[in-house]
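Survey of secondary and tertiary structure
Next come the chains, spelled out residue by residue.
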Amino acid sequence: MVARVYVPGDAAAVAVGADEVAAALAAVAARLSTPIEIIRNGSRGMFWLETLVEVETPQGRIGYGPIEAPEVPDLVAAGLFDGAPHAKRVGRPDEIPFLARQTRLTFARCGVIDPGSLDDYRGHGGLKGLERARDLGMIGILDEVTASGLRGRGGAGFPTGIKWRTVAEAVADRKFVVCNADEGDSGTFADRMIMEGDPFVLIEGMIIAGLAVEASYGYVYIRSEYPHAIAALERAIVTAREAGLLGAAFDLEVRAGAGAYVCGEETALLDSLEGKRGVVRVKPPLPAHKGLFGKPTVVNNVLSLAAIPFILAEGAAAYRTFGMGRSRGTMPIQLAGNIRRGGLYETAFGVTLGELVEDIGGGTWSGRPVRAVQVGGPLGAYFPPSLFDTPFDYEAFAARDGLIGHGGVVVFDDSVDMARQARFAMQFCAVESCGKCTPCRLGAVRGTEVIDKIITGQDVAANLSLVEDLCHTMKLGSLCALGGFTPYPVMSAITHFPEDFGARRTMAAE
Amino acid sequence: MSASDEDHIATTSDERLVVMANQIARFFASQPGDAAAGVAKHIAAYWDPRMRAHIRAHAAAGGAGLDPIASDGVAALTR
Amino acid sequence: MPMIKLIDYGTPDAASDMTVTLTIDGREISVAAGTSIMRAAALAGTEIPKLCATDSLEAFGSCRLCLVEIDGRAGTPASCTTPAAEGMVVRTQTETLKRLRNGVMELYISDHPLDCLTCAANGDCELQDMAGAVGLREVRYGYDGENHLAEAKDESNPYFTFDPAKCIVCSRCVRACDEVQGTFALTIAGRGFGSKVSPGQGQPFMDSDCVSCGACVQACPTATLIEKSLIEIGQPERSVVTTCAYCGVGCTFEAQMRGEQVVRMIPYKDGKANQGHSCVKGRFAWGYATHRERILNPMIRDTITDPWREVAWNEAIAHTTQAFKRIQERHGRLAVGAITSSRCTNEETFLVQKLVRAGYGNNNVDTCARVCHSPTGYGLRTTYGTSAGTQDFISVDQADVIVIIGANPTDGHPVFASRMKQRLRAGAHLIVIDPRRIDLVRTPHVEADFHLPLRPGTNVAVLTAMAHVIVTEDLANEDFIRDRCDADEFHDWAAFVARPEHSPEAIEATCGVPAGDLRAAGRLYATGGNGAIYYGLGVTEHSQGTTAVMAIANLAMVTGNIGREGVGVNPLRGQNNVQGACDMGSFPHELSGYRHISDEATRSMFEADWGVALDDEPGLRIPNMLDAAVDGVFKALYIQGEDILQSDPNTHHVSAGLAAMECVVVQDLFLNETANYAHVFLPGSTFLEKDGTFTNAERRIQRVRKVMTPKNGYGDWEITQLLANAMGLGWAYDHPSQIMDEIARLTPTFAGVSFARLDELGSIQWPCNDAAPQGTPVMHIGGFARGKGKFVVTEYVPTDEKIGPRFPLLLTTGRILSQYNVGAQTRRTANVVWHDQDVLEIHPTDAEDRGVREGDLVRLNSRAGEVALHARITDRVAPGVVYTTFHHPDTQANVITTDYSDWATNCPEYKVTAVQVSLANGPTGWQRRSGELSHQSRRIMREPAE
């Protein structure tokens, strides 16, 4: 019998040597004349276990991790291909608590299937949603998506059903579906993981979107820093086209970004797709009315579109059962930074920040106490442990001057200097600003300078008041979320960690 | 001074009038109706008395170069 | 008159019939649906602070000063980008907004030089105004942070400077270049704090695609882009609205003055022809008015080889009058005549023709329209009944298919071209019929559906072939033809064009245009919605110019593209007052309003008004005058504002005619080339120095207003009056308005026109009378001026000017953006930096055959003559075709052109001359001799000061 071995081809696994592990396995097997089949699956999202090698056994898939290439001969000798015991054997991956506790709707197949195989996708429930969508028709799809309570996973949390309905009702000779895969937030990787681990789910979601709004063409705008995702999706698009899923009625292409964070903002993304310099557009008009090339356009995040096949396959009710309040369904949360068990954790809305960081994430990697957690990317607020009871929910985070954004959670231990983090937020905004609106273009630079003055102890009180005024200007005055949300990390750092903004501490730190 | 330098057009005004009359005749020849009348009407409306006198004199002297319709048109001039 | 202050409403007018009512700061106001809150507020008298918004540009929403609060809406939306909605309650002044605006201004000023007192924009700076409006009192950031204050100034453009240190990155300049001008020369380079305005790819302005239209300067709210003249002179103290004296677009400008000095010319937002836009000529090239070569004193001389002698006005007038009287006594009443100017006002033109008819007692008056659009007058009058274009300019906004024939609007009529480009960018289709690949064939965001690069001289064949496609493919608009046109004439015509010899396939070999393209273009024009034809001198300046105009008129009728917005037949007039000069009775056969001199009723009306008997015979046209002069029977000519030696064809013949005269009187600003043959020189006045009216290509009559006293002492109308009174005519006009009153009294299509009415309405498009008291923007609505539209059979007759072994190439001529006509004005401005000589465009293949390389001096000769000029190798021209301009007297391109002319009007065939090109080793003999003559003719003996 040919042993079937899974070695993730996911960029995170490759970054810690998955390619070398795969090569070593092949070499050892060849030397031993043991026929094996290596499948480059996606990641299961347990990054501390990467490279996580899995082998198919009569008891199911057995995992070994984290594995590095030099260990491979010993592992094979110990009986890896048979699922034999070993110090690195972690058992059935889906029984590992981190994974077992999750509710994987969107990521159900990620790490399980061969991302290049449409048959594998279909064999694991893929394309059921599309079949049902075809039966339901345009209105039926719109009703289903609206009823599911799905909200945009890119950060703004706008109800997807309403957005689609707006585009569906717009009259035009052409409409587009654009997938925003310009995943630029620090500590986020969910878009990349799904595109590398289960690209067909995104393609299926986009085809359904096309049916719902009568769009004939779609674009996936992927940041250039994601070459593996670009390759995986392009391969999957070719396969889908050969299988007749894509073609005359609806087709797709991948466009690579050029490294600007602001192009993750939907209107700047549209400009960039049109071949222009990526600059934020004013709204109205909404992209749903005048989007790409002036045509009605659905712009959705990868995670929103990837949630669609489940909703259509299993029904809106099955999805909206999960979650709390107005945040329905599941959220693929990304645990990162100084954390023991970093990775992707898909769960129903409602889990508290404390559970995520301490129980699921296991506290800091360094072992020191957690001091701050930034949720929602570089523009998200810093939460101190005193707010760890905050449930993961759009409204609950907003009530505490925070945001869940794209679901990134970055953990810091007690060695962090929050004044420097505040400065970093301003600097990030300055570096990434498109330059269109004044509060962001000039404010971010001045903000950096003023915080520098605070750090060096110059007129601390007056300058703190100036930062506060500046944050007011930026928050209310900026054209898009880049300038508008930069005050979140800055003001949350000042509010929750005032001790870092006095002259004494920062002078000492110099 | 090169030879070609002085090689410019030297038509007399009578020659020009013949060319003009023929051009007018060529247009009216393509139109429905009485071409000679068209020519005469056009010349009467746009040519000054001296030009008209010259072309009539030219026609009277044999009308060298004048197309038949142009000749008829000049003949139809009443003043 | 103080400075004119126009309200900037912040965002453009929303064209909607629906209204919405909202409340702004407690005041209710109803506005058109789609109006921004900012504009609604401005209409209600509330100025919301703004910097990136201006009502000539689409809202952009970048400065964030105009934020407001709206009941029931989260946050502080920008009032420029948020449309007013029914029942909306808006607050523009709250504590939150004050804090916010203060914060924004504090940021702006933290990166702006604090040199207000020495800044050229001091007193006219929106940044300064806004700092005041929001009550900014301190900049807590200090001034030692990162900044742009050390950025280098770009002074490469002759007319304006670009100082990035003062830039607030509002993008108004970039947007003006894109949206208004359509050149896309500017961009914002970099991003974030590093964002900066960049001409081209970080080039100086002069190296970029910038066409110096001034839209960016006009849009700039600070001193970043500012006129050099303003920097030099200082802020203006008064302003006067007037009309540009360059092309037939007729842009309205606000002349901003300081004392007797023009500080700058600002395109006027309420100008109907230009709507606030301008080009490099009108906006900047007015310095000729004070150029040192301008002649300010009358001069006389006995022979054309003598130096000029300055004399007093009375002596010059008396001298001229005596000469004309003497010549008429000796050579007869018909031995004298005059040429009116399309550069002068309607009133001045009217007076010159009146002087000829009432004073000289003959009808020997003609105008430069003879050599440009006379076929338009004849052709459109014959087919439609009116000698003028059918539309107003804004009609193009409704066009779906734009056809450009023999015109190059981006160079010749740039402000209208920009408007046309706006429509093309919005999706209208474009067909270009031109031997040369003009810019509009492919320009940023505009590409012609079809470019038909026809062989020069084959317009009639091409237009008839298009008609063939329409008729034989059943694309004719039968309803329109039945209701509006003469049926018999239509059937004759339809049978004619349907003949197989007029099919595109049959014509292809003649015109060089692929039959497939001809067919497709014909179909597109007939079926693409509103079809609008714009044409220029590439149509008229041919031996079949009139026939081609009629062929165009046929096409519009057969497709029903006439009599409403968005369609029509639109001649693009070359000079500022070509339409007006024609309207005013400048042609030898007709009185004002296109009424034939032989018409008893019309003539007697003038006779009664003027108290003289009028000759009922048509007079001489310009070429006929020259012929008659060579024949020795035409002896004296009064030329107002024309340079026929340079502008008219076959220079040798023109010079022979002029040299044969006893008294040539030139009235002009400068000693032009014609003045080399003059005996009297009367210094003329510029458009800045007199009152009057110009009529543009839309038939739009617009006021020219005096902004300074004439440096030469008199307006041109006053000089003509001096001549008339010296002849004993007893004229007593105190002001040009009285002349317009006389025109209105004697011309039915002008009956409702007066200066008072013009001041009231801004402008009037004739016909304006009891039937149309507000004027007539679009003609032939519901019926043609002549009754039924007349289809005219248009047989193609090849020109006699044919290529052969001796002259194997075809020369066609045109103009360029920066120069105007014979260049008398533009050559005396900094515009020469763009075009300091006429060059010959030649295709690479033709150049290679002749061993000509880029920039070589080449000899261009035809059977009429030869000139030397430098070659530019380009595939804009097809093989076998060469092209040049006629702006420079030292080139004298018209030495080459022949005396072939249009069969109906004698309009010269400038556009087709058979030529040969060869390498040259210096100027030709003619160029050298003419240069010597010019030099001689510029010798002036000044009277010692009294």
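Treat the numbers as computed from the prediction; the structure is a model and nothing was measured.

Digging into the overall build of chain A
- Secondary structure assignment for chain A yields 22 helices and 16 strands.
- For chain A, the spread of C-alpha atoms along the principal axes amounts to about 75 × 60 × 40 Å.
- The contacts in chain A between residues at least 6 apart in sequence include a share of 70% that link residues at least 24 apart.
- Element-wise, carbon and sulfur atoms account for 54% of the exposed surface of chain A, whose accessible area totals about 17900 Å².
- If the 49 positive side-chain charges of chain A are averaged to one point and the 60 negative ones to another, these points end up 3 Å apart.

Focus: the overall build of chain B
- Helix and strand content of chain B: 4 helices and 0 strands.
- Each helix and strand of chain B, ordered N terminal to C terminal, gives the series α-α-α-α.
- The burial tally for chain B puts 47% of its 79 residues in the buried class.
- Counting every atom, chain B has about 3700 Å² of accessible surface; 59% of that belongs to carbon and sulfur.

Quick word on the interface of chain B and chain C
- Across the contact, 31 residues belong to chain B and 42 residues belong to chain C.
- For the pair chain B and chain C, the two sides together bury roughly 3200 Å², of which 48% comes from carbon and sulfur.
- In this assembly, chain B and chain C are joined by 4 salt bridges.
- The closest approach of N and O atoms between C:Asp899 and B:Arg16, which form a salt bridge, is 3.3 Å.
- Joining chain B to chain C, the criterion identifies 8 residue pairs in polar contact (both at pLDDT 80 or more).
- Those elements that place two or more of their residues in the side of chain B that touches chain C are helix H1 (13-30), helix H2 (35-46) and helix H3 (49-60) of chain B.

Some thoughts on empty space enclosed by the protein
Residues and elements named next belong to chain C.
- All told, the structure shown has 12 cavities of 30 Å³ or more when counted by the stated rule.
- Approximately 590 Å³ is the volume found for the largest cavity.
- In this structure, the largest cavity is lined by 38 residues; those nearest its centre are Leu 537, Glu 541, Thr 813, Gly 814 and Lys 911.
- Contributions of two or more residues to the lining of the largest cavity are made by helix H18 (537-540) and strand E31 (809-814).
- With 3 residues, the top contributor of residues to the lining of the largest cavity is E31.
- In this model, the second largest cavity occupies a volume close to 300 Å³.
- In this structure, the second largest cavity is lined by 23 residues; those nearest its centre are Arg 343, Gly 641, Asp 668, Leu 669 and Gln 825.
- Here the lining of the second largest cavity is composed, by residue class, of 7 nonpolar, 10 polar and 6 charged.
- Each of two domains, domain 2 (299-372 + 578-684 + 710-729) and domain 4 (809-937), supplies a minimum of three residues to the lining of the second largest cavity.

Remarks on the interface of chain C and chain A
- In this assembly, 32 residues from chain C lie in contact with 35 residues from chain A.
- In this assembly, chain C packs against chain A so that about 2900 Å² is buried in total across both faces, 56% of it on carbon and sulfur atoms.
- Among the residues chain C hides against chain A, the three largest losses belong to C:Arg99, C:Tyr141 and C:Arg191. Together they make up 24% of the total.
- Along the contact surface separating chain C from chain A lie 3 salt bridges.
- C:Arg191 serves as the salt-bridge partner of A:Glu432, at 3.1 Å between the closest nitrogen and oxygen.
- Between chain C and chain A we count 19 residue pairs in polar contact (both at pLDDT 80 or more) in total.

Here we look at the pattern of salt bridges
Residue and element names in this part refer to chain C.
- What the rule picks out here adds up to 85 salt bridges over all chains.
- Close ionic contact of Glu 742 with Lys 354 constitutes a salt bridge, the shortest N to O distance being 2.9 Å. Here Glu 742 is found in helix H26 (residues 736-746), whereas its partner Lys 354 is found in helix H9 (residues 346-360), with 388 residues between them in sequence. Comparing Glu 742 with Lys 354 shows no difference in burial state: the two are buried.
- Here Asp 875 ties to Arg 437 by a salt bridge, and the two come within 3.2 Å at their closest N and O atoms.

Here's the deal with the nonpolar core
- Within the largest apolar cluster, 83 residues are counted, with the highest numbers of intra-cluster contacts made by A:Leu482, A:Val490, C:Leu51, C:Met105 and C:Tyr108.
- For this core, the leading source of residues is helix H16 (residues 418-432) of chain A, giving 8 residues.
- Not counting residues up to four positions away in its chain, the partners in contact with A:Leu482 are A:Tyr261, A:Val262, A:Leu379, A:Phe428, A:Cys429, A:Glu432, A:Ser433 and A:Cys440.

Details of the packing of helix H22 (residues 622-630) of chain C against helix H24 (residues 651-659) of chain C
Residues and elements named next belong to chain C.
- Look at H22 against H24: their axes get within 8 Å of each other, and the N-to-C directions meet at 60 degrees. If you check the angle between H22 and H24, you find them oblique. Along this stretch, H22 crosses H24, giving a crossing that reads as left-handed. Taken together, the residues of H24 that come into contact with H22 (itself represented by Leu 626, Asp 627, Ala 629 and Val 630) are His 653, Val 654, Ala 656, Gly 657 and Leu 658.

Quick look at the domain arrangement of chain A
All names here are of chain A.
- Domain annotation of chain A identifies domain 1 (3-100), domain 2 (118-320), domain 3 (324-413) and domain 4 (418-509).
- Centre-to-centre, using C-alpha coordinates, domain 1 lies 30 Å away from domain 3.
- With 5 residues of domain 1 at the contact, the number on the domain 3 side is 8 residues.
- Linking domain 1 to domain 3 there are 0 salt bridges.
- Our count for the domain 1 to domain 3 interface comes out at 2 residue pairs in polar contact (both at pLDDT 80 or more).

Thoughts on the confidence of the model for chain A
- This prediction gives chain A a mean pLDDT of 95; 98% of its residues lie at or above 70.
- Contacts from residues 504-510 of chain A, a stretch scored under 50 in pLDDT, to residues over four places away or in other chains number 15 contacts.

Quick look at the pairing of strand E7 (residues 217-222) of chain A
All names here are of chain A.
- Counting buried residues along E7, 6 of its 6 residues qualify, which places the element largely inside the surrounding structure.
- Covered by surrounding structure in E7 are Tyr 217, Tyr 219 and Tyr 221 together with Gly 218, Val 220 and Ile 222, the residues of both alternating faces.
- Sheet topology places strand E6 (residues 176-181) next to E7; 6 bridges connect them, and they run parallel. Bridging from a neighbouring strand, Phe 176 pairs with Tyr 217 of E7.
- Sheet analysis places E7 next to strand E8 (residues 251-256), joined by 6 bridges and oriented parallel. Looking at the pairing, Ile 222 lines up with Ala 256 of E8.
- Between E7 and its parallel partner E8, the chain crosses via helix H10 (residues 227-242), and the hand of that crossover is right-handed.

Structural notes on the sheet that holds strand E30 (residues 763-765) of chain C
All names here are of chain C.
- Spatially, 3 strands are ordered E28-E29-E30 in an open sheet, and the strand pairing comes out antiparallel. Only two strands of the sheet have a single neighbouring strand rather than two, namely strand E28 (692-695) and E30. Here the average twist between neighbouring strands, direction ignored, is 30 degrees.
- Direction of pairing for E28 relative to strand E29 (residues 700-704): antiparallel, over a ladder of 4 bridges. Note on E29: the bridge partner recorded for Phe 694 is Gln 702.
- Contacts from H9 reach E28 and E29 within the one sheet, and its direction differs from that of E28 by about 95 degrees.

Points about helix H15 (residues 487-497) of chain C
Residues and elements named next belong to chain C.
- The set of residues buried in H15 consists of Phe 490, Trp 493, Ala 494, Phe 496 and Val 497. Taken down its axis, H15 places every buried residue within 160 degrees of arc, on the same side.
- Looking at the buried positions of H15, the neighbouring elements they touch are helix H13 (459-472), helix H14 (478-484) and helix H19 (545-558).
- At the N-terminal boundary of H15, the capping side chain belongs to Asp 486, with an oxygen 3.1 Å from the backbone nitrogen of Asp 488.

Points about the packing of aromatic side chains
- One pass over the structure, following the stated rule, counts 42 aromatic pairs over all chains.
- Look at C:Tyr246 and C:Tyr288: their rings are 6.3 Å apart centre to centre, the planes differ by 70 degrees, and that puts the pair in the edge-to-face class. Highlighted residues: C:Tyr246 in the loop between strand E9 (238-243) and strand E10 (252-258) and C:Tyr288 in the loop between helix H7 (280-284) and strand E12 (299-300), separated in sequence by 42 residues.
- The class of C:Tyr246 is buried, set by a relative accessible area of 4%.
- Judged by relative accessible area, which is 2%, C:Tyr288 ranks as buried.
- Through pairs of rings, three or more aromatic residues link up here, namely C:Tyr159, C:Phe160, C:Phe162, C:Phe205, C:Phe284 and C:Trp834.
- Here the guanidinium or amino end of A:Arg61 rests over the ring plane of A:Tyr6, the centre of that ring lying 3.6 Å away.

Conventions adopted
- Residues numbered from 1 in each chain as written.
- Chains lettered and ligands numbered in written order.
- Predicted model: local features only at pLDDT ≥ 70, side-chain atom pairs only at ≥ 80, totals over all residues.
- Heavy atoms only, no water.
- Helix = DSSP H or I, 4+ residues; strand = E, 2+ residues; numbered from the N terminus.
- Contact = heavy atoms within 4.5 Å.
- Areas by Shrake-Rupley, 256 points an atom, 1.4 Å probe, with all protein chains shown as cover.
- Lys, Arg positive; Asp, Glu negative; His and termini not counted.
- Charge placed at Lys NZ, Arg CZ, Asp CG, Glu CD.
- Buried < 20%, exposed > 50% of the residue type's maximum accessible area, 1.4 Å probe, protein only.
- Buried area = accessible area lost by both parts, 1.4 Å probe.
- Salt bridge = Lys/Arg side-chain N within 4 Å of Asp/Glu carboxyl O.
- Polar contact = N/O pair within 3.5 Å; in protein donor to acceptor, adjacent residues only side chain to side chain.
- 1 Å grid on protein atoms, 1.4 Å probe; cavity = no way out; pocket = protein on both sides within 12 Å on 5 of 7 lines; lining within 4 Å.
- Points joined across faces, edges and corners; volume = space filled by probe spheres on them.
- Nonpolar A, V, L, I, M, F, W, Y, C, P; charged D, E, K, R; others polar.
- Domains from an automatic or database assignment.
- Core = buried A, V, L, I, M, F, W, Y, C linked by side-chain atoms within 4.5 Å.
- Axes fitted to C-alpha atoms, helices over the stretch in contact; angles between N-to-C directions.
- Parallel < 35°, antiparallel > 145°, perpendicular 65-115°, else oblique.
- Left-handed = near helix turned anticlockwise from the far one by under 90°.
- pLDDT = per-residue confidence, 0-100.
- Pairing = 2+ DSSP bridges.
- Right-handed = clockwise from strand over helix to strand, strands pointing away.
- Arc of directions from axis to C-beta.
- Phe/Tyr/Trp six-rings, centres within 6.5 Å; stacked < 30°, edge-to-face > 60°.
- Lys NZ or Arg CZ within 6 Å of the ring centre and 35° of its normal.

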